[in-house]
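Listed below, chain by chain, are the residues.
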Amino acid sequence: MRLLRWLARARWDRERSRELESYLDVEAADNVARGISPADARDAARRKLGNLTRIREEIHEMNGIGWLDRFSGDLRYAARTLRGNAGFATVAIMSLALGIGANTAIFQLLDAVRLRTLPVVRPQEIVQLRIAGGNSGMGMNGPFGGLTRPQWEEIGRQQQAVDLFAWSIGGARVGPEQRGAPAVNVSAGYFPVLGVPPWRGRFFTSADDEATCPATRAVVSYDYWQREMGGVELTPASRLLVDGRNLELIGVAPPGFRGLVVGDRFDVAFPLCRPREVRNDVFHTLVMGRLRDGWSAARATEHLRAISPGIMAATQITGYTDATHRQYREFKLEAAESPRGVSELRERYDTSLWLLLAITGLVLLIACANIANLMLARATAREREIAVRLAIGASRRRLIAQLLTESALIAAVGAALGVAVAAGLSRVLVAALSSENRQIALTLDTDWRVFGFATIVAALTCVVFGLAPAFRGTRAAPVDAMKSGGRGSTDGRERYALQRVLVIGQIAVSLVLLVGAALFVRSFYNLTTFDAGVRQEGISVVFMGFGRDEVPRERVKPLIAELVAEVRALPGVENVATTTHVPLMGGSWGHGVKAGVADESTRFTWVSPTYFATVDQPLLAGRRFSETDTPTSAPVAIVNEAFLRTFFPRQPNPLGKTLMQYAEPDYPETVYEIVGVVKDAQYNGLRGDVPPSVLVPASQFPAPQGGLAMLIRSANADAMLATVRRHLKQAHPQFDIDGVVLQQRVRESLVRERLMALLSGFFGVLAALLATIGLYGVIAYIMQRRRNEVGIRLALGAQPGQIVRMVLRDAGMLVVVGVAVGTALAVVAGRGAETLLFGLRPTDVATFAGATLLLATIAFVASAIPAMRAARVDPMRALRQD
C-alpha cells in the first residue's frame, strides 16, 4: 500500500495543494466577513495555516519511502550528469554493451547447448539406459551409447524402474523432389512418455512397433509441417512421399519440440517397426524413459545391474571370438540422468564455449578497467565539487552511493543494449557453426537465465569500475581537495597508483588473450596446411545406396563395376576408385587382428586397385592391388606404417608376413598375406593419431553390400560432382544418390577450430587495442596533471628528450610488469586449451615472444604520443595555469 502511495505521490501532492488553496480561500472569506480587508484577510489565513511548502513536504515524506526517494533522486542526478558528459557516457555505455553482449551471446549458446532442459514434462525424471563404460567398440555402433534391438526388447520384459521408449537416428528422402530430411525412428512410447501431445492428428501405437518394416505411417515436426506443407490440415487421406513410397501421415508434433538431440532436429518420425532381420550386434537403438514413482536414477541403476546378467545371456551376440562373448556377458546396464537429452554438439563444443566465455569475460574486464580509469580521472576533476558538498554537511556514505548510482546507470544501460547485441550475435555464431551439410538447430530464447546472467555481469561490472572511483573521489579531506590543483602544484606518483595497477592488469590480461589468439590461429593454420597423407584437392565423393530387394547379392559386384565404368567414361574424369571408408570423413570399421607381436583391433578398408593412384597415397614397399586380386585368389592386404609399428616393431620388411582377422558376423576368419606398405594417412579426420590400418582389395569384400562410395578425381571437384550426380540420377533413378566434395567436407570438419581462431583473434586484437587505449589515457592524464612539474623541469634546463625518456621509462615499467604477470597467467591458462591445439604446445616460445613484441610495440606508440606532447609544453604557460 505504501508503495502504491509512493507511486501516486504526484497526484497526492496536486490534491493536497488544491485542498490547501481551498482552505485559504474559505479562511480568507471568513476574515473578510469579520471586517478585515481582502489583502490582510489572505495574509492572516496564511499565518494561521502555517508554511504551505513545509506542509506539502511533510505530506510528501509521509507518502514516501526513504531509500527509494534517495535512489530515484540519485538516478535523476546521475542521468543529468551523464547527459552533461555525453562523450564519456557514450564511450562507457558502448564499451559495456559490446563486452556484455559478447559474454551474453556465448552464455546464450552455453545455455542452449548445456544448461537448458528438454521441452518435455518433468525433464528431471528422464534417464537413458546404457552400458556402463560403453561397449568398447564391439559390433556396429551408432551415436550416444545405443543398445541392440534384442537388448531393448529384453530390458522391457525384465526391468521395473522406468517407463521405457526407444528411438534411433536416421534419414529419409521426402517429398516429390525427394530431398534429404533428418528423421527418427521411435517406439510407441516415445511421445507419450515424454509428455509431448500431438499438435494435429495422433502418434504411433504398439501395433506400429510390431509391424514389419518398412514403415507405413509417419509423423512430421511442426517446423516441417509449416515450412514444407504450408500447415495444411490433416485428413484420413493425408499422405507423405518418403523414399518413393506413399506413407500415411497421421500426426504433427507440437511447436518447439525438435527431438532429443540438442543442436539437431527431426523433420519426419517413423515407427520403430520390426526389421526383417534382427542382428544382435548393432548398437544403434537408444533406450530412454521416465523414472517411475519412488525410483531414483541410482536405485534404477542398482536394479539394472542386478538384472544385467540375465539380459546379456538372453541377447548374447554370436559369430565373434570367445573373448568377445565373455566381454559381452560381463556388460552392466545403468540409468544415466538425461534431462538435457543427448548432443554431439555438446560434446564437441563444450570446452570451446567455456573458453570463449572466459575470453569475452577478460575483454569485458579490460573494458571495465578503461572505464574505471576514465571515472577516476573524472573523480579527480570533481574533487572540488565533492569537497564543497562534504564541507556543507553531506556524508561520505551518501556521496559514494550517489557516485555508485551513476556507475549502475551506465552498467544498466550497457547491459540492456548488450542483451540486444547478444540476440543477434548468438544467431551469427550458430550460423558460423552450421555448414551446408549440417544446419544447427538451437532454441535461442532470451529466457530468465540469459537475463539473469546479463544482470549479474552488469552488477559485477558496476562494482569493478564504479567502486574504486567512488571511494577515491570522496577520500580526500575537503581542505586538501580545495587546495589541490592550485598554481604551482605537482601531483605525487602515489596519486596515480590505482590507475597504474589497472593498466598493469590490462596489459597482463591482454597478453593472455593475445597468446591464446596466436595459439588458436596457428593451430588452425597447422590443420589447414597439414599433410593428411592423401589427396584432398579435386576429389569428389559419390554415395549410392541400393537395397537387397533392388539388387540381388550376386549382382552387386558386377553392378559396381558397371557404375565405375560409366563414371570413368564421363568427360573430365581423371580417375575413379571405390572404397568402404572415405578417408578424413569420420566413421570407423575395425576388426580384431593377430599378427607379429600384437593382438588388437585394427581399422579395415576395402578399396579398388585404382584407390592409391586416385588419392595419391604413396606406396613405400611391395605392390599395389591389381585385377588379378579376385574373390577366388589368395587374400592379400596392404598395411600402413602405424600397423608396422604396432605389430612388427622389429621387422622393417613385413612383406610376405601374414595377419589373421578374427571372425565376426559376415566376416569369416581370414588370413591375409601382406603384399605392400603405404605411407600413414589420417583415418577419421585431421586430428588424432593414425591408427593401424589394413587395406584389402574391394573384390575380396565378404559382407553383403548395400551401396558404394566412389572417389572421383578431376580438375574441378564441384563441377564434377554435379555432373556425376546428374548422370547417375538419370541413368539409375531407383537408387539413392548423394555426394560431397572431399576438401569441402574436411574444411567443414574444422568449424570449431575456425571459430576459435576467428573469435579469439578478434578478441585478442580488441583486448590489445583496449589496453593500449588505457595506457595512452593514463599516461596522457598523468602528464596533463603534471604539466606544472614538466614546466618547472624545462624551465630549469631539462631537454625535451629527457622528458620523453622519463615518460617512456615510466610507461615501460608498466609494460614490463604487465608482461611478466601476463606470461605467468598465460602459461596457467594454456593448460586448459591444450586439447584444442594442433601441432604446437600451449607454452610455445615463439608464440609468447611474438605476442609480447606486438604488445610492447603498440604500447610504445601509445606512450610516445603523450610523451612528445609533454616535451613540447611551453614552461611559462604551464606555470601560469591554475
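Residues numbered from 1 in each chain as written. Predicted model: local features only at pLDDT ≥ 70, side-chain atom pairs only at ≥ 80, totals over all residues. Heavy atoms only, no water.

Draft legend 1. Layout of the environment of H325. With respect to the element layout, H325 can be found in helix α12 (residues 322-329). Taking the relative accessible area as the measure of exposure, H325 reaches 14% and is therefore buried. Residues H325 and M312, spaced 13 residues apart in sequence, show a C-alpha to C-alpha distance of 9.9 Å. Excluding residues within four positions of it along the chain, H325 makes contact with Q316, I317, T318, G319 and Y320. Within the local environment of H325, its side chain forms a polar contact with the backbone nitrogen of Y320, the two atoms lying 3.2 Å apart. (Helix = DSSP H or I, 4+ residues; strand = E, 2+ residues; numbered from the N terminus. Buried < 20%, exposed > 50% of the residue type's maximum accessible area, 1.4 Å probe, protein only. Contact = heavy atoms within 4.5 Å. Polar contact = N/O pair within 3.5 Å; in protein donor to acceptor, adjacent residues only side chain to side chain.)

Draft legend 2. Summary view of the packing of aromatic side chains. Within this structure, the stated rule accounts for 25 aromatic pairs. Relative to F257, the ring of F191 lies with its centre 6.0 Å away and its plane at 65 degrees, an arrangement referred to as edge-to-face. Of this pair, F191 sits in helix α8 (residues 190-194) while F257 sits in the loop between β8 (245-252) and β9 (268-271); the two residues are 66 residues apart in sequence, bridging distant segments of the chain. Across the pair, exposure class does not vary: F191 and F257 are buried alike. Counting every residue linked through ring pairs, the aromatic cluster contains F165, W167, Y190, F191, F203, F257 and F266. Across the ring face of W295, the terminal group of R299 is positioned such that the distance to the ring centre comes to 3.8 Å. (Phe/Tyr/Trp six-rings, centres within 6.5 Å; stacked < 30°, edge-to-face > 60°. Lys NZ or Arg CZ within 6 Å of the ring centre and 35° of its normal.)

Draft legend 3. Main features of the side chain of D629. If you trace the backbone, D629 turns up in the loop between β17 (619-622) and β18 (636-640). Not counting residues within four places of it along the chain, the set of residues in contact with D629 comprises R623, V636, P697, S699 and Q700.

Draft legend 4. The pattern of salt bridges, seen in detail. Counted under the stated rule, the structure contains 36 salt bridges. Note that R116 is salt-bridged to D111, the shortest N-O span being 2.8 Å. Owing to a relative accessible area of 15%, R116 belongs among the buried residues under this scheme. Its salt-bridge partner being D281, residue R279 comes within 2.9 Å of it at the nearest N-O pair. Each of R179, R227, E228, R265 and D267 takes part in salt bridges that share partners, so that together they form one network. (Salt bridge = Lys/Arg side-chain N within 4 Å of Asp/Glu carboxyl O.)

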